[in-house]
Structures are given as C-alpha cells and as structure tokens.
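Structure assessment
As a plain string of letters, each chain reads:
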Number of protein chains: 2
Amino acid sequence: MTNLAINSDRLWDSLMQLAKIGATPKGGVCRLALTDLDKEGRDLFIRWCEEAGCSISVDGIGNIFARRPGRNNDLPPIMTGSHLDSQPTGGRFDGAYGVMAGLEVIRTLNDMGYETEAPLEVVAWTNEEGSRFAPAMLGSGAFTKQLDPAWCLEREDPDGKTVIEELKRIGYAGDKPIGEHDCAAYFEAHIEQGPILEAEEKTIGVVSGAQGQRWYEVTVRGQEAHAGPTPMARRRDALVGAAKMVQAVNEIGLEHKPLACSTCGMMQVMPNSRNVIPGQVWFTVDFRHPNDEVLSQMDRALRLRFTEVAYAHNLELDIDEIWSFPATPFDAECVAAVRKGAEEGGFAHMDIVSGAGHDAVYMARVAPTGMIFVPCEDGISHNEIENATPEDLSAGCNVLLRAMVEMADRPRQAKAA
Amino acid sequence: MTNLAINSDRLWDSLMQLAKIGATPKGGVCRLALTDLDKEGRDLFIRWCEEAGCSISVDGIGNIFARRPGRNNDLPPIMTGSHLDSQPTGGRFDGAYGVMAGLEVIRTLNDMGYETEAPLEVVAWTNEEGSRFAPAMLGSGAFTKQLDPAWCLEREDPDGKTVIEELKRIGYAGDKPIGEHDCAAYFEAHIEQGPILEAEEKTIGVVSGAQGQRWYEVTVRGQEAHAGPTPMARRRDALVGAAKMVQAVNEIGLEHKPLACSTCGMMQVMPNSRNVIPGQVWFTVDFRHPNDEVLSQMDRALRLRFTEVAYAHNLELDIDEIWSFPATPFDAECVAAVRKGAEEGGFAHMDIVSGAGHDAVYMARVAPTGMIFVPCEDGISHNEIENATPEDLSAGCNVLLRAMVEMADRPRQAKAA
C-alpha cells in the first residue's frame, strides 16, 4: 500500500479537458445543470470511465454511476464522486475535481493491476449547484431520499422548464430506480472553497462534518409610484426596506463570527424602472453555522429585524424558509481513513468543517461518509478565477485513493480476522 | 368664450377605449414604446384625428402631429399633446390623458363650429417614459434638438433593438424632418402623479415650471465567492455595499425634504445566484429638486458617501451621471393663460412645480410652454392602480381648451389692436 500513487499529470489533463466544455473567456466554466454543455461533460466522463473498464448506469434523475468490480461483487461498493454542473460564472475545479479524482483512482488501480475486495464506484450527481434548479444537491438529495424524488423531477428553472423535461431532452433520464443502491462508504474530494487551508499552509483538510444551512426567500411589498412627484415622506419604497434587510443579514453574520456566514445572493426589483419607486423586491438569504442552536438564534434575529424594518417603512413582508439543513458530523471511521491517508502520504493536514453544502452531506445520512479538502487560491470559488495547484489536487487524489482502498479492503480483512 | 365646454363623456370614453390597448389584469396598461401595442395605440389616435378632420404628419422619430387648420394658416400652430407609451406596469392616464385631451379640444371646437385664428395641433411624442429606451422623452428631446436626433435613433432597448429599427418595424419612421416645425405655444395636460392637489383639495394645478433632475448609473464591484466557506471578514460583497448606497440615496432625499426626491429604481445583481457572494451590482439613482444648487449639493453628498462605503467595504465604484436636466421655469404668458382658464371655468386651483419630467419641459426650451395638472388618486402614478376622476379630467381639458383658444386667437387680437 505504501507505493500507491496516482498519475498527477493525467489528473490535471483530464480536469483541463473537461474545463473546455463551457469554458468562459475569463478562464472559468459555465456548465449549468442539464444544458447541452452538461450533456457534453457527462458524455466525456462516461467515455473515459468505459475506457477504464467501468460499467455505467444512470438513474431516473440522471445520476451517473461508473463501477469497477472488486473481488467480491456481493459487497456494497465504496463510492466516491461529486458533480459536473457549475455556477453561471463558475470555476474549473468545483465538483469537476471530485469526479475526475474518482476516475483517476480507478485508472491508477488499473495501471497497478490492483483489485480491491469490494467494488468501487465513481458517481456524478445531478444539479449540485442549485443555480439552474433550486434547491441545490438535487441528485444526491433524491438518491438518499432526503428529498422526494418525484418532487425533485418537477423542479423548474427560471424559464419554467422542469428537471425531468431537461433530463429527457439531453438523454439522461436513466432507467435505474433512484436510490436503489447500496453503499458501504462514500468519499468526496473537493476544493475547500474557503481560505483556511491556504492561510494555515496545509495541503489536506480532513473534513469532520458540514455546517448547517438555512435558505430563505424574502418578498418585500411597498407601493409603486412615480419617482419624481412623490414626496419622500409618503413613499413605501420596497428597495429602501430591502436594502436595510440586506444590511441586517450582514450584521447577523458578523455578530456570530468567525463561524457564521450570511449572504444575500439574489435580488429582483419590480418593476425595475429607473423613475419608478420599487413596489416589490424579492431576495434570498443563505445562513450557515456548524451549530444548529446558533442557526436558530440567527433565524430569530432575521425575523425580528426584518419585521422592524417592514414596520418602520410601512411595507408588507413575507419570509419563506425554503430549505434547511442541520449541521452534519461525518462518520468517524471514514474521517479516520482520510486522516490516515494524509499521514501515510506525508501531507500537511488539519481537521476542518465544511462551510459549503456538498453531495457528501446528503450521503452522510445514509452511508458512512468522509470528505477530503484541498486548498484553492485565495479561498475563492464560485468564480471564474477559481484556482488550485496541480500538486494540491494530486495530493487530495492520493489521499482519496488510500482512503478508498483502505475501506474497500476492510471487509476482506475483517473476514480474515 | 364663456360657454366653451368639452364633452366629458366622450373624453372619458376615448381614454377607456385607448386603455384597452395593453390593458393589464390589474386594471393598468403596459404599452411600451414602439411595440406592437404602441403601434395599435398610434393607429387608433390617427384614425380618431382623421375622423375629426385633422391632417396627419409623422416625423423621423415617430412623433405624430394632427393639425386642425385655423383662419390664418401662415401662423405657427398652438400645440398640445403628451405621449401614448406607458411604463411596464403603468396606468391609464399618464400621457394618454394629454393626448386625448388635445383630441377632445379639437372635437369640441368642431362641434361648436369654432375656428381659431392660428391652427391647432395635437402631438403624440415617442418614448416619453424611458422604460424601454433610455433616456426618457426621446421624441420631444429630438424634436427640440435638446438631444441629437441621430443619437436618439440609435438608442437600444435591453434586447439590443434600436429605436430606428423598431420605428421601421411598426411603420412609424415618418418622412417629416425631425424638428422642422414652428410652434407658437405648447400646452400639456397631465395627471399630477403626486399627492399635492388631492391633499390641498384643488382641481387644477397651474404648473409654474419643472424640477431639475439628475440620473446616475452606479456600478459596484467586489469579489464573487462561495457563500458558504468564505468568512465574513474576508468578503468583498458588492450587494452589502450597494445596500448601504441605496440607504444613502434615501437619506440624501430626506435631508433636503420637502422638495427633494431621490430614488433607486433599478438594480441588477451579478451573478445573482443564492449561494454566491455578489461580485457586482449595478443600480440607478434619480435625484430631483426645483433648485439646481440643491441638486449640486445632493450630487456632492452622493459622491462622498458612496466613496466612503466603497472604501469601507473594499469595493470598486463607478458613478456615471448619464443625464441631467436643469430646473425649468415655464412661460409667464402660458402660465397666465392656464390660470385664467381655471378661473373662468370656476375650478379651484393652485400653482405647483412639476416633479416629473414631461415632454413640456423640453418644449419649454424652444417655445412658450405651460402645463395643466389634475389630481390623481392618492398621488399614485407609474402604477397599474393609477386613477383619476372623470370630473377632474374634464376640468383639466376645459382649462386646456380655454388656454389654447386664448393663445390661438391672440395673434388676431394683436393684429386688430
């Protein structure tokens, strides 16, 4: 096991080839879920997996499973993966790295002629980003039955197209039943999407679990009126109210630092005309914290302060908590396998909590799960300038390889004991 | 002259028929400039004018002139009018009233067999609202050479379609040269679009002039990043900065009340994804005040406070003043003719300053100009619930009739003296 090493150049080349699909002029990627470009990325992934000797299956929500047999194919597989879809102005590594790292693990084992006891699988989950279809992590949410699969298939993009329509259109509405799939353990390699590893000069983040999240949609209603002759004192300006709420969201995050995050990412102003006082504003709120009790405090603060602003400005207010996700600790054995992989590989590492949602967070509800983080430049992600070094990506993939082999061979060892 | 009276029912019926074109479910109108619906409104107006014996001409930017001959057709005409385009969620009276009131003046004079000394003209100006093509008042701006006509024709809507393309498409790129047209005086009847007449229980606003205006486009640039794992302290959130700027705009208006108005009407957030910290926000600012020196103070306050916010949040800032309009006093004789018309008609009236931009404000640069305001319900305009009473609309039209006849017959009286 000590001479296990992936092919760094091959991993990097695969990432760069994949990044051409939906490449943006600024060096990023725009490959929204279930678009023609997503199909192109999926087709390439499947071709590479088949060339590596894997068998492919696709489930009813388009999750792709590439399977490398083990010695004992009655054992449930050790799985790894991530997603191929991106943000509208996304980077080359978010999601793509986890899928390509899984493929590189299989290619490496093929090169070495190493047969694991349990089979291995690499999965590409559908619509992780949530930027085309809300909510995020739709494919893994349906797979793990944390979301109702039928409901997931009916989610609509901003143009009213549904997930199932778009799956059928690109040929990825597979025949495998959603979630009818055992899993002995799940690992996911991912760029950190934050600045901590870089600041601490660590190569590997041993992820101990994920922050809780709450997502809100807020509608503020005032009174449309002409911007010229309507005296300030008589206005019911929905944007002035919403602007104060955006500030309140920011303050609530700052009040619970360093671990809290709070963001208003989307805003739509109605009627959005420069000489009309806005009559309605819709915006989103994203709260995150590793402690559910703190999230509940943040929730209460949001409701109180938004209500105060609405009252002061004579505005109507709807707060809709559209999604919540409790804080999720990962499996102790999987976390230990990642830590051991980092130690054996000789990589500087630290424990870390995931601030972002990942497919692994849903998988943790149904199977022993662990994650491996590698640094990304300046902690920037969900941005076309997202960057990571070939060396760090290679290190994370080596840790993934060791952790998967460790877990895949464990049942055999158990039997031999 | 004392028995002059328009036909209130006919005026109301014409307004209601016109309001069917682009009618919205909430009782308003969406008839954006140079759309198919705008063409339909224009066609109806022309048909009614021809039925009233007028000759029609259309200039190169689609302004429509309906002319009723006088006894001396060598005299420049007394003109009135307004616009047929609406806001996206506009009302039934903004603009439409001024055009239909002009038509009703001609129909009334026809009924009475009254021939004025100077000819009369009713004009429908192109793209007054500025909501499809910026800036506002494009047709009257080109006509009065306050805007370069060639530049006006190249303005683009959000889809990149130009004014001239759309004029040709709907058949309203006329052959009359833009602005080659004398005008002895211009009147415009309009709903107040503010709450003052209603609050003061006056039927007629004798408009003494128009507020100055400044329009800005502001771009705030920060750093797109993932909303989860990016600690609050490291963020460069463009929306948090923009929200503080929206509040600063509101405060600047309040600091110069009661006459100042300040509004952010449009906002676009990039990339507008709920789990991405906004990297860029674009928004508009609209400042109005009857005193240009106060507008300059407001301008300085905006630049100072926006710069402070940008500095505090480590954001880049562009402030582009895209349009400014000095405060405009109206012609003393025209204002007096409106006041006399209100007195002779027995209508409660008061002097008032226009807070909104109107085609009359451009016309005031090239011809003696006056305006007549009538109340609108709750002062609300640029809104589908915009409303006015048939009685008030009739009163305003009667004042318009008297003022136009007064001015049209004045040259004859002058000659006879």
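Below, the structure is looked at part by part. Here the residue index of a chain counts from 1 through its sequence in written order. Starting at A for chains and at 1 for ligands, labels are handed out in the order in which the entities are written. Local features in this predicted model are restricted to residues of pLDDT 70 or higher, and side-chain atom pairs are both shown and tallied only at a pLDDT of 80 or more, whereas totals for entire chains, interfaces and linings draw on every residue. Hydrogen atoms and water are omitted, and side-chain values are computed over all heavy atoms in the structure.

Before going further, it helps to examine the interface of chain B and chain A. Counting residues at the interface gives 64 residues for chain B, matched by 64 residues for chain A. Among the residues chain B hides against chain A, the three largest losses belong to H226, M232 and R274 of chain B. Together they make up 15% of the total. The working definition used for a salt bridge is a side-chain nitrogen of Lys or Arg within 4 Å of a carboxyl oxygen of Asp or Glu. The interface formed by chain B and chain A holds 2 salt bridges in total. Residues R274 of chain B and E217 of chain A are paired through a salt bridge, measuring 2.9 Å at the closest nitrogen-oxygen approach. Two N or O atoms form a polar contact when they lie within 3.5 Å of each other; inside protein one atom must be a possible hydrogen donor and the other a possible acceptor, and for residues adjacent in sequence the pair counts only when both atoms belong to side chains. At the junction of chain B and chain A, the tally comes to 24 residue pairs in polar contact (both at pLDDT 80 or more). At the level of elements, β7 (212–221), β8 (225–226), α8 (238–255), β9 (261–263), β10 (267–270), β11 (276–277) and β12 (280–289) of chain B are the ones that each hand at least two residues to the side of chain B that touches chain A. Any pair of residues with heavy atoms lying within 4.5 Å of one another is described as a contacting pair. Buried area adds together the accessible area that both of two parts lose upon being put together, with accessible area traced by a 1.4 Å probe. Under the DSSP-based scheme used, a helix requires at least four consecutive residues in state H or I and a strand at least two consecutive residues in state E, with every element numbered from the N terminus.

By the secondary structure assignment, N275 of chain B is in the loop between β10 and β11. A polar contact of 3.2 Å, which involves the side chain of N275 of chain B, links it to the side chain of Q87 of chain A. Every residue in contact with N275 of chain B, bar those within four places of it in the chain, is listed here: Q87, E129, W215, D286, R288 and H382 of chain A together with A225, H226 and A227 of chain B.

This brings us to the relation of the copies chain B and chain A. Residues below a pLDDT of 70 in either copy are left out; the C-alpha atoms of the rest, at least 70 in both, set the least-squares superposition of the copies. Between the two copies, chain B and chain A, the superposition gives an RMSD of 0.1 Å; the rotation angle is 180° and the shift along the axis is 0.0 Å. Overall, the copies show the geometry of a two-fold rotation axis. Within chain B, the C-alpha atom positioned nearest to the axis of rotation is that of A243 of chain B, 2.2 Å from it. Both copies contact each other with a shared surface, as 100% of the interface residues of chain B are interface residues in chain A too.

Looking now at the environment of A348 of chain A. Residues and elements named next belong to chain A. Inspection of the secondary structure assignment puts A348 in the loop between α10 (332–345) and β15 (349–354). Along the backbone, A348 and I204 are 144 residues apart, and their C-alpha atoms lie at a distance of 6.3 Å. Sequence-distant contacts of A348, that is, excluding residues within four places in its chain, are made with E201, K202, T203 and I204.

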